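The lines below spell out each chain.
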Amino acid sequence: MCSSDLNQHFVDGSSKIAFKAENPTSATLTYTDLTDGMRRFADETFALQIKIDDETKDVLITPSVASKNAGVFSTNLLIAPTRKVVSIDAPIFDGLRLTGDMKTNLWVNQSGYWDYPLLAFNGEDRGSIGIWAQDPTYAYKSLFYLADGNGIATSFCTIVNPPFAKITKATSVTWRVQSFDKSWAQVAARYRDWRAKTIKTAPRPSWVSEISFAKIGRAHV
């Protein structure tokens, strides 16, 4: 979770965990006693609601956080570092592949640069695991990814609407997780099909389909 005065409170090995099953295909994991790496916050909670979509069999994960202190502004879903051979395809600047041999660094891509809220984790030889949000509200999101020379850790952040001064709880959009047998293209197709059916956009003029190449340059006067 993130708050305006005490940033990035998270779960560690000393946090307490409770498991509650709502039904055979839905359960909630609730963690208490979070930390910022130095102090502990016994009354703060981080929860993961996990469901199986009856129709698609997607795994649905919805993180949420709560604190007695106001100023909470977001909640994150952290994915552990990948194996070095696993690459990640992301719709950043129209398409970017993240690999385990990237320079050690922490990157942040905010809404507008992270074109669509999805990632595809590529298998070593074939196949892909997709994580994406089918969010018609366009909630503000950020993607964090940390490379350390071995694998890549990712964090999906959903930011609540300001002002934050009185907010003590935050709930993320629901993230969908599904495996595919071929490639990242199947992940993109699932998201594209949902978006085409759900999000209303202005139709493109017919001449757009006739463009195969465009070069943008600076005019000289």
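Structure shown above.
Rules used throughout
Residues numbered from 1 in each chain as written. Predicted model: local features only at pLDDT ≥ 70, side-chain atom pairs only at ≥ 80, totals over all residues. Heavy atoms only, no water. Helix = DSSP H or I, 4+ residues; strand = E, 2+ residues; numbered from the N terminus. Contact = heavy atoms within 4.5 Å. Areas by Shrake-Rupley, 256 points an atom, 1.4 Å probe, with all protein chains shown as cover. Lys, Arg positive; Asp, Glu negative; His and termini not counted. Charge placed at Lys NZ, Arg CZ, Asp CG, Glu CD. Expected span 1.5 Å × (residues − 1). Buried < 20%, exposed > 50% of the residue type's maximum accessible area, 1.4 Å probe, protein only. Pairing = 2+ DSSP bridges.

J.: Explain the overall build of the chain to me, please; I cannot follow it from the model alone.
T.: Check the secondary structure of the chain and you find one helix and 15 strands. Sequence-distant contacts, at least 24 apart, represent 63% of the contacts inside the chain between residues at least 6 apart. Summing over all exposed atoms, the chain offers an accessible surface of approximately 13,600 Å²; the carbon and sulfur share of this is 56%. Here the chain contributes 25 positive and 22 negative side-chain charges, whose respective centroids are spaced 3 Å apart.

J.: Would you mind going over the environment of Arg39 with me for this structure?
T.: Tracing the sequence through the fold places Arg39 in the loop between β3 (26-35) and β4 (40-52). Sequence-wise, Arg39 and Phe121 are 82 residues apart; in three dimensions their C-alpha atoms are separated by 34 Å.

J.: Explain helix α1 (residues 184-198) here, please?
T.: Two residues of an α-helix separated by three or four positions point the same way, owing to the 3.6 residues in each turn. The end-to-end C-alpha distance of α1 is 21 Å, a good match for the 21 Å that 15 residues give at a rise of 1.5 Å each. Those residues of α1 that fall on the buried side of the exposure criterion are Val187, Ala189, Tyr191 and Trp194. Looking at the buried residues of α1, the elements they touch are β10 (118-122), β11 (128-132) and β15 (175-180).

J.: Before we go on, may I ask you to explain the pairing of strand β13 (residues 152-159) in this structure?
T.: Looking along a regular strand, one sees the side chains alternate between the two faces of the sheet. When you tally the buried positions in β13, you get eight out of eight residues, the bulk of the element. Sheet analysis places strand β6 (residues 72-79) next to β13, joined by six bridges and oriented antiparallel. Within β13, the position partnered with Thr75 by the bridge is Thr158. A loop of four residues connects strand β12 (residues 141-147) with β13, the two strands running antiparallel in sequence, and Gly149 in this loop sits at a positive phi of about 90 degrees.

It is worth stressing that arrangement in space is one thing and function is another; only the former is reported here.
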